[in-house]
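Coordinates in review
Residue strings, one per chain:
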Amino acid sequence: MKQSPPENNIIGITSTIPVEVIYAAGFTPVDINNIFIGADEPDLLVTRSESAGFPGNICAWIKGIYSTALEHGIRRIIAVTGGDCSNTLALSEIMGMKGIEIIPFDYPLNCSRVHVEQKIDDFRKALGTSWADIKREKERLDRIRKKLKVIDQLTFIENVVTGYENHLFLVSASDFKSDPDRFEKEIDTFLDEAKGRQALKADIRLGVLGVPPIFSDFYQFIESLGTRVVFNEVQRQFSMPYVTNDIAEQYTLYTYPYGSAPRIRDIAEAIEERRLDGLIHYTQTFCFRQLYDMVFRQRLNIPILTIEGDRPGEIDRRTALRIEAFVEMIKGTV
Ligand code: SF4
C-alpha cells in the first residue's frame, strides 16, 4: 500500500540505502548518524540511551541513533535488516515500542543483480512509487554523484582536498543532506574554491577503511603528522562513483553490504591507483565488523594499522601514540 507523504514527510535512515526510492516517493531522507555525530554534545546522546537502558557493551553509534531519533521527533525509519548492522533488528523493535514506524529494507546475501533488483522492488512497493519516478531521481542524484567523484579525484590526483573534506562530502551522499539541490550548490562552491588551491604536500599517502570514525579529530590528527588521507573506503562507496544504467546495477556494485570479497577488490584497486603507503582500519568498539580485520590482514599486502574508537570525542592518547608509531614506521620504509 502506498505510504502517503504526510505533514512530517521525514524518513530516518541509519545506513546507505536506495535513497533514490525515498526521494521518488516524495519523502525526505535524514541520515540519523550524521545528525548524531554533528550534534553539539554527541556523547550526551549516548549517555541518554544508556540511562534509558541500553547496555554498556552496545556500539555507541546505535545508542546515538536511538537518542537522536527520539530527540528530533523522527516518526518513521528504514531498518536495514540485511547487509548492514547486526543490531538493527533489535534496535528497530525498541524504536517501534516508542511508536516509530519501521519500514524494512534488506540487501541480499550476495550481490547478484537479480536479487538486488527484487529487494529494491519490494522497497519501491512499500513506499508506493514508480520505476519511472525512481529513474528520474537517479538521473538527478547521478549528476551530484559525478561532482562528488571530482572531489575524490581532487583529493588523490590533484592533492588539493584534505582527507577530512573528502570524508565530509562523501559521507553526506547517504541522504544528500536531505536537500540534493542545496547540497549540489554547496559542492559547486567548494569545487570552485578547491580548484584554485596549491597542492598539499606530504611524504605518506594513507587510506582509511571501515565504518566512519567516531573521533572528532581523526583526520586532522593523522594529517598533522605529515601524511595525507587520499582514500576513504566506505565514504567513497556511499557516493557510488560508478557510471550505471539503472539503480539495480548501482546497488549491485556498492560493496559495503556484501561481505569482504567486493571490498577487498575495491581496496586493492585503490592501493594501486592512489599509490597508498599504508591503511588505517578504523573499527568500532562492540561492532561485529571488527572481524573483517582478519580478512584485510590476510588479503591485502600493505602495512595496516587497526584502531578502535568507542565514544564520540577526541582521539585518546594511546590511539594517538599508535598512529604516530605507524606513521614513523612507514616513513622509515618509503
Ligand atoms: S559500527 Fe557496527 S555495530 Fe555500530 S552501528 Fe555500525 S555496523 Fe552497527
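The present account deals with the structure reproduced in this document.

Analysis parameters
- Residues numbered from 1 in each chain as written.
- Predicted model: local features only at pLDDT ≥ 70, side-chain atom pairs only at ≥ 80, totals over all residues.
- Pairing = 2+ DSSP bridges.
- Helix = DSSP H or I, 4+ residues; strand = E, 2+ residues; numbered from the N terminus.
- Axes fitted to C-alpha atoms, helices over the stretch in contact; angles between N-to-C directions.
- Core = buried A, V, L, I, M, F, W, Y, C linked by C-beta atoms within 7 Å.
- Buried ≥ 20, exposed ≤ 12 C-beta atoms within 10 Å, placed from the backbone.
- Contact = placed C-beta atoms within 7 Å.
- Parallel < 35°, antiparallel > 145°, perpendicular 65-115°, else oblique.
- Left-handed = near helix turned anticlockwise from the far one by under 90°.
- Nonpolar A, V, L, I, M, F, W, Y, C, P; charged D, E, K, R; others polar.

Notes on the sheet that holds strand β8 (residues 304–309)
As summarised here, the arrangement of the four strands in space is β6-β5-β7-β8, forming an open sheet in which the pairing is parallel. Both outer strands of the open sheet, β6 (227–232) and β8, are each paired with one neighbouring strand and no more. Each neighbouring strand pair of the sheet contributes to a mean axis angle of 30 degrees, computed without reference to strand direction. Pairing analysis gives four bridges linking strand β5 (residues 204–209) to strand β7 (residues 278–284), with the strands arranged parallel. Looking at the pairing, G207 lines up with L279 of β7.

A closer look at the nonpolar core
For soluble globular proteins, the rule of thumb is that nonpolar side chains tend to be buried together. With 81 residues, the main nonpolar core has V21, I22, I32, I78 and L206 as its most contacted residues. Setting aside anything within four residues of it in sequence, one finds V21 in contact with I120, F123, R124, L127, T129 and I134.

Section: the packing of helix α7 (residues 131–156) against helix α8 (residues 163–171)
Remark: α7 packs on α8, axes separated minimally by 10 Å, with the N-to-C direction vectors making an angle of 165 degrees. Judged on the interaxial angle alone, α8 and α7 are roughly antiparallel. As α7 runs across α8, the sense of the crossing is left-handed. Each of L148, I151, D152 and T155 in α7 lies in contact with α8, whose residues at this interface are N166, F169 and L170. Counted by class, the contact of α7 with α8 contains four nonpolar, two polar and one charged residues.

What to know about unusual backbone geometry
One non-glycine residue with positive phi stands out, namely S178, at about 65 degrees. As for its position among the elements, S178 is in the loop between α8 and α9 (180–194). With a phi angle near 45 degrees, M240 is a residue other than glycine that sits in the positive phi range. Take M240: it is sitting in the loop between α11 (233–239) and α12 (247–253). Under the C-beta neighbour-count criterion, M240 is labelled buried, with 21 such atoms within 10 Å.

Digging into the sheet that holds strand β2 (residues 28–31)
One open sheet accounts for four strands, arranged β2-β1-β3-β4; its pairing is parallel. For this open sheet the edge positions go to β2 and β4 (101–106), each flanked by a neighbour on one side alone. The mean angle between the axes of side-by-side strands here comes to 30 degrees, regardless of whether they run parallel or antiparallel. The pairing of strand β3 (residues 76–82) with β4 spans six bridges and is parallel. Paired with A79 across the bridge in β4 is P104. Sheet contacts for helix α5 (residues 88–97): β3 and β4; angle to β3, the most-contacted strand, approximately 155 degrees.

Fair warning: the whole summary comes from geometry, so function is off the table for now.
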